[in-house]
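Take a look at the letters that make up each chain.
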Amino acid sequence: IDRFFPCGCAEGTSITVQDLFFNTPVRRKFLKKPSQEAAYIFEAVNRLALSNPNISLRFIQDGKTLLRTPGDNNLLSAIRAVFGSDVEKNMIAVNETRNNITLKGYIGKAQIQRNNRSRQILFVNGRSVKNDLVSSAVQQGYQGRLNIGKFPFYVLDVVVSGNLVDVNVHPTKQEVRFADGLPVYDTISDIIADTLKANQEIPTLF
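Here, residues in each chain are numbered from 1, in the same order as that chain's written sequence. Local features in this predicted model are restricted to residues whose pLDDT is 70 or higher, and side-chain atom pairs enter the listing and the counts only when it is 80 or higher, whereas totals over whole chains, interfaces and linings include all residues. Just so you know, side-chain values use all the structure's heavy atoms and leave hydrogens and water out.

## Brief notes about the packing of aromatic side chains
Right, so step 1: Any two of the Phe, Tyr and Trp rings considered here, Trp counted by its six-membered ring, make a pair once their centres fall within 6.5 Å; the pair's planes then place it as stacked at under 30 degrees, edge-to-face at over 60, or tilted in between. A complete count under the given rule lists two aromatic pairs for this structure.
Right, so step 2: Look at Phe-42 and Phe-59: their rings are 5.4 Å apart centre to centre, the planes differ by 25°, and that puts the pair in the stacked class. In this pair, Phe-42 sits in helix H1 (residues 34-51) while Phe-59 sits in strand S1 (residues 58-61), placing the two residues 17 residues apart along the sequence.
Right, so step 3: Relative accessibility decides the category of a residue: with a 1.4 Å probe and only protein chains considered, values under 20% of the type maximum give buried, values over 50% give exposed, and everything between is partly exposed. Taking relative accessible area as the criterion, Phe-59 reaches 12% and is therefore assigned buried.
Right, so step 4: Seen from their ring centres, Phe-83 and Phe-153 are 5.0 Å apart, and the 85° between their planes marks the pair as edge-to-face. You can see Phe-83 sitting in helix H2 (residues 75-83) and its partner Phe-153 sitting in the loop between helix H4 (132-141) and strand S7 (154-159), a full 70 residues away along the chain. The exposure classification of Phe-83 matches that of Phe-153, with both residues buried. Working definition: helices are DSSP H or I runs of at least four residues, strands are E runs of at least two. Numbering for both runs from the N terminus.

Dropping the structure here:
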């Protein structure tokens, strides 16, 4: 930016990135092709939208709007904006506290089961992370309700006391570790199973 000056603009924040590798040009060589890098950015923006449904976000690439969220503080609205109405109508709300662990968000009905875990969106205390223990716990909660080799769709936030979570197990802080994983696993799997049963997701495959 060459100069600063006052200017009127619509309420909100616009982010423009320029000369990203000005000081570290060698890092440009490690970039993947533009379409792959754009996909990484889009995935990050999607997670921001899902973790902040109270904020309206718009993502524009090459002049085309790929994402616009309403910012109405309704997670289901954000899910519809990110994944579409077909996903939205097949989601089940979860909001329960047991054993000082709160699990809230949405889980998918069996109709939208996946071939992989790419649509398992997890937050711990509002932070977007990955955690194999939670993924396994949710899978256990679906036991008997999915086809073999299939995975559930979910957008979930696990809320626990901060002193029970280690956020320094990964250089980019994309992973977390729970101080005592067993009660977390048991609590989450039980909540998922009970939620599915309460919503008549009963038909079993075996």
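This is not the end of the story, as more comes after the structure.
## A short note on the sheet that holds S7
Right, so step 1: Strand pairing is assigned whenever DSSP identifies at least 2 bridges connecting the two strands. A sheet is described by the order of its strands in space; here five strands give the open sequence S3-S4-S7-S5-S6, paired in mixed fashion. The open sheet has two edge strands with one neighbour each: strand S3 (91-98) and strand S6 (127-129). For this sheet, the mean inter-axis angle between neighbouring strands, taken without regard to orientation, is 20°.
Right, so step 2: In the sheet, strand S5 (residues 120-124) pairs with S6 via three bridges, with the strands oriented antiparallel. In the sheet register, Leu-122 faces S6, and the bridge partner there is Val-129.
Right, so step 3: The strands touched by H2 within the sheet are S3, strand S4 (101-108), S5 and S7, with S4 carrying the most contacts at an inclination of about 40°. An axis is simply a line fitted to the C-alpha atoms; with a helix, the fit covers only the stretch in contact. Between two such axes, the angle follows the N-to-C directions and lies from 0 to 180 degrees. We call two residues contacting when some pair of their heavy atoms lies within 4.5 Å.

## Considering the packing of H4 against helix H5 (residues 181-198)
Right, so step 1: Axis separation between H4 and H5 bottoms out at 7 Å; the angle between their running directions is 35°. The two elements H4 and H5 cross, and the hand of that crossing is right-handed. Taken together, the residues of H5 that come into contact with H4 (itself represented by Leu-133, Val-134, Ser-136, Ala-137, Val-138, Gln-140 and Gly-141) are Gly-181, Val-184, Tyr-185, Ile-188, Ser-189, Ile-192, Ala-193 and Leu-196. For any helix crossing, the convention is left-handed if the near helix is rotated counterclockwise from the far helix by under a right angle, and right-handed if that rotation is clockwise.

## So, H2
Right, so step 1: Buried residues of H2: Leu-75, Ser-77, Ala-78, Ile-79, Val-82 and Phe-83, and no others.
Right, so step 2: N or O atoms closer than or at 3.5 Å make up a polar contact, with two conditions inside protein: a donor-capable atom paired with an acceptor-capable one, and, for residues adjacent in sequence, both atoms drawn from side chains. With a side-chain oxygen positioned 2.9 Å from the backbone nitrogen of Leu-76, the residue opening H2 is Asn-74.
Right, so step 3: Downstream of H2 by a residue or two, Gly-84 has a phi angle that is positive, lying close to 100°.

## Here we look at the nonpolar core
One recurring pattern in soluble globular proteins: nonpolar side chains tend to sit buried together.
Right, so step 1: By size, the foremost hydrophobic cluster in this structure holds 26 residues, and its most contacted members are Ile-107, Val-158, Ile-188 and Ile-192.
Right, so step 2: Among the elements that make up this core, the one with the highest residue count is H5 (five residues).
Right, so step 3: With near-sequence residues (within four places) excluded, Ile-188 lies in contact with Leu-103, Val-134, Ala-137, Val-138 and Val-158.
Right, so step 4: Put simply, buried Ala, Val, Leu, Ile, Met, Phe, Trp, Tyr and Cys residues joined by side-chain atoms within 4.5 Å make one nonpolar core. Judged by nonpolar contacts, the second largest core, of 18 residues, contains Ala-49, Leu-67, Val-82 and Phe-123.

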